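Topology and contacts: notes
For reference, the chains in residue letters:
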Amino acid sequence: MAEPLVGMDLAELREAIGPAQPAYRGQQLYEALYARQAAELVQIATLPAGLRAELAARHPVGLPEVERVYQSADGTRRYLLRLDDGRTVETVLMPEGERDTICISSQVGCPVDCKFCMTALLGLERNLTAGEIVGQVLLVARENGLRSPTGAPGRLNIVMMGQGEPLLNLPNVLKATRILLDPAGFALSPRRITVSTAGIVPKIDELGRAEVRPKLAVSLNASTEEMRQELMPITRKYHLKDLLEACRRYPLRAFEKLTFEYVLLGGVNDSDADARRVVKLLAHLNAKVNLIALNPGPEIPYRTPAPERVASFQQIVRKSLPCFVRKPRGLDIYAACGQLKRSVA
């Protein structure tokens, strides 16, 4: 199968065009694909017609195909996207006031097996390519007009919190990030892209060494090693103590904090004692905490905590750390955090 153009960096696009063409043709193609979101080569008027035809004969553009769009009452849209090999992934658009967030996938399915997440029930099918990661953003942004008049993506946020464990696909995640953050590419601000991990310790270190990288969010979800092993079996390999050490040595930039995500499960990990232990675990870290009351699913053996329990947990944590309750979006279409399972309703 010919390599798609979306996902190629500038050097690769120049190589795809060929040595007979001037180097600036590669730049024109790069900007057309990523800055102007061209979906077809015929739309790229800056390239000669003959070159467009020649490229089209050798390379598909490579955007995913929209299989179906699910519309929530709260404005959220869940996109079921079909890839070239017939597999599908999900991407979620969450518009809110002047800010839009696109939640993208990094793998088809997920290998991590968190016990409160519907995506875990899929298992892992394969990693996404850099082009399949970038393609989700390009497609949803173009379909919803998420560009300013100057072409920049404005107040758009990208979160790699869809299907998959991004750090287990780190080379493709980092390549996609470079394209999305490149001022000559999609031109996203480094403040507006975040990757979420279940805690793959050596890959956190590798991410920290990357010159161009997203912000880091860590799924904590328990206040003790024993509970985390029960809820997140990955902890049996990457222990909580080692995860927190990796977070302490992670090289934060001036504009960022570490984000810790905590899914509250009624009667399991949501007590006041859990909240106090979370504060103790995260002491001496430049961190903030996002609380997520469990988004339920038919195959998940946990319940959503009562609002007053969530509020009590937040009140304890925010005495020491910034702590926010994440508002669920798209519950009625299975688009909320932990619900992505390629469901049809």
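Located above this text is the structure these notes cover.
How each quantity is defined
Residues numbered from 1 in each chain as written. Predicted model: local features only at pLDDT ≥ 70, side-chain atom pairs only at ≥ 80, totals over all residues. Heavy atoms only, no water. Helix = DSSP H or I, 4+ residues; strand = E, 2+ residues; numbered from the N terminus. Rg over C-alpha atoms; globule rule 2.2 N^0.38 Å. Buried < 20%, exposed > 50% of the residue type's maximum accessible area, 1.4 Å probe, protein only. Contact = heavy atoms within 4.5 Å. Areas by Shrake-Rupley, 256 points an atom, 1.4 Å probe, with all protein chains shown as cover. Core = buried A, V, L, I, M, F, W, Y, C linked by side-chain atoms within 4.5 Å. Phe/Tyr/Trp six-rings, centres within 6.5 Å; stacked < 30°, edge-to-face > 60°. Lys NZ or Arg CZ within 6 Å of the ring centre and 35° of its normal. 1 Å grid on protein atoms, 1.4 Å probe; cavity = no way out; pocket = protein on both sides within 12 Å on 5 of 7 lines; lining within 4 Å. Points joined across faces, edges and corners; volume = space filled by probe spheres on them. Nonpolar A, V, L, I, M, F, W, Y, C, P; charged D, E, K, R; others polar. Polar contact = N/O pair within 3.5 Å; in protein donor to acceptor, adjacent residues only side chain to side chain. Arc of directions from axis to C-beta. Pairing = 2+ DSSP bridges.

1. Side note on the overall build of the protein chain
- Assigned secondary structure in the protein chain consists of 10 helices and 12 strands.
- Taken over the C-alpha trace, the protein chain has a radius of gyration of 21 Å; the compact-globule value for 345 residues is 20 Å, and the two agree within 12%.
- Seen through its C-alpha atoms, the protein chain measures out along the principal axes to roughly 70 × 40 × 35 Å.
- Looking at the 345 residues of the protein chain, the share that counts as buried comes to 54%.
- When contacts within the protein chain are restricted to residue pairs at least 6 apart in sequence, those whose partners lie at least 24 apart make up 67%.
- Counting every atom, the protein chain has about 14,600 Å² of accessible surface; 52% of that belongs to carbon and sulfur.

2. Quick word on the nonpolar core
- Counting 104 residues, the largest nonpolar core has Leu29, Tyr34, Phe116, Phe260 and Leu282 as its most contacted members.
- Here this core takes eight residues from helix α4 (residues 130–143), the largest share from any one element.
- For Phe260, the contacting residues outside a window of four places in its chain are Val218, Leu220, Leu244, Cys247, Leu282, Leu285, Ala287, Lys288, Val289 and Asn290.

3. Digging into the environment of Leu231
- Note on placement: Leu231 falls in helix α7 (residues 225–231).
- Overall, the relative accessible area of 0% leaves Leu231 in the buried class.
- Separated by 10 residues in the primary sequence, Leu231 and Asn221 place their C-alpha atoms 7.8 Å from one another.
- Residues contacting Leu231, with those up to four places away along its chain left out, are Asp113, Cys114, Lys115, Phe116, Asn221, Ala222, Leu265, Val268, Asn269 and Tyr302.

4. Looking at unusual backbone geometry
- Backbone geometry places Asp113, a non-glycine residue, at a positive phi of 65 degrees.
- Turning to its location among the elements, Asp113 is positioned in the loop between β5 (107–109) and β6 (124–127).
- The backbone of Asn221 shows a phi angle near 70 degrees, a positive value even though the residue is not glycine.
- With respect to the secondary-structure elements, Asn221 resides in the loop between β9 (215–219) and α7.
- The exposure class assigned to Asn221 is buried, which follows from its relative accessible area of 2%.

5. Overview of the packing of aromatic side chains
- What the rule picks out here adds up to two aromatic pairs.
- With a centroid separation of 5.0 Å and 75 degrees between ring planes, the pair formed by Tyr30 and Tyr34 is classed as edge-to-face. Taken together, the positions of Tyr30 and Tyr34, both in helix α2 (residues 24–34) and four residues apart, correspond to about one turn of that helix.
- A cation over an aromatic ring shows up here: Arg78 above the ring of Tyr70, its NZ or CZ 4.1 Å from the ring centre.

6. Re the layout of surface pockets
- In this model, the second largest pocket occupies a volume close to 260 Å³.
- Along the wall of the second largest pocket there are 19 residues; nearest its centre are Pro4, Val6, Thr129, Gly131 and Glu132.
- Only α4 and α5 (170–181) provide two or more residues apiece to the lining of the second largest pocket.
- A total of three residues in the lining of the second largest pocket trace back to one element, the largest contributor, which is α4.
- Looking at the lining of the second largest pocket residue by residue, the classes come out as eight nonpolar, five polar and six charged.

7. Quick look at the environment of Glu67
- If you trace the backbone, Glu67 turns up in strand β1 (residues 65–71).
- Since its relative accessible area comes to 38%, Glu67 is described here as partly exposed.
- If sequence neighbours within four positions are ignored, Glu67 has contacts with Leu80, Leu81 and Arg82.

8. Let's talk about the side chain of Ser72
- Along the chain, the position of Ser72 falls in the loop between β1 and β2 (77–82).
- By relative accessible area, Ser72 is classed as buried at 5%.
- At 2.9 Å, the side chain of Ser72 forms a polar contact with the side chain of Asp74.

9. A closer look at helix α9 (residues 272–281)
- Looking at α9, one finds that the buried residues are Asp274, Ala275, Val278, Val279 and Leu281. Down the axis of α9, the smallest arc covering the buried residues is 165 degrees, so these residues share one side. Those residues of α9 that are exposed and aimed more than 90 degrees away from the buried face are Arg276 and Lys280.

10. Re the pairing of strand β4 (residues 99–103)
- Most of β4 sits out of view: four of its five residues are buried.
- Relative to β4, strand β3 (residues 88–96) runs antiparallel, the two being bridged by five bridges. Residue pairing across strands places Pro95 opposite Asp100, the latter belonging to β4.
- The turn linking β3 back onto β4 is made up of two residues, and Gly97 within it adopts a positive phi angle of 60 degrees.
- Sheet analysis places β4 next to strand β7 (residues 156–160), joined by four bridges and oriented parallel. Bridging from a neighbouring strand, Ile102 pairs with Ile158 of β7.

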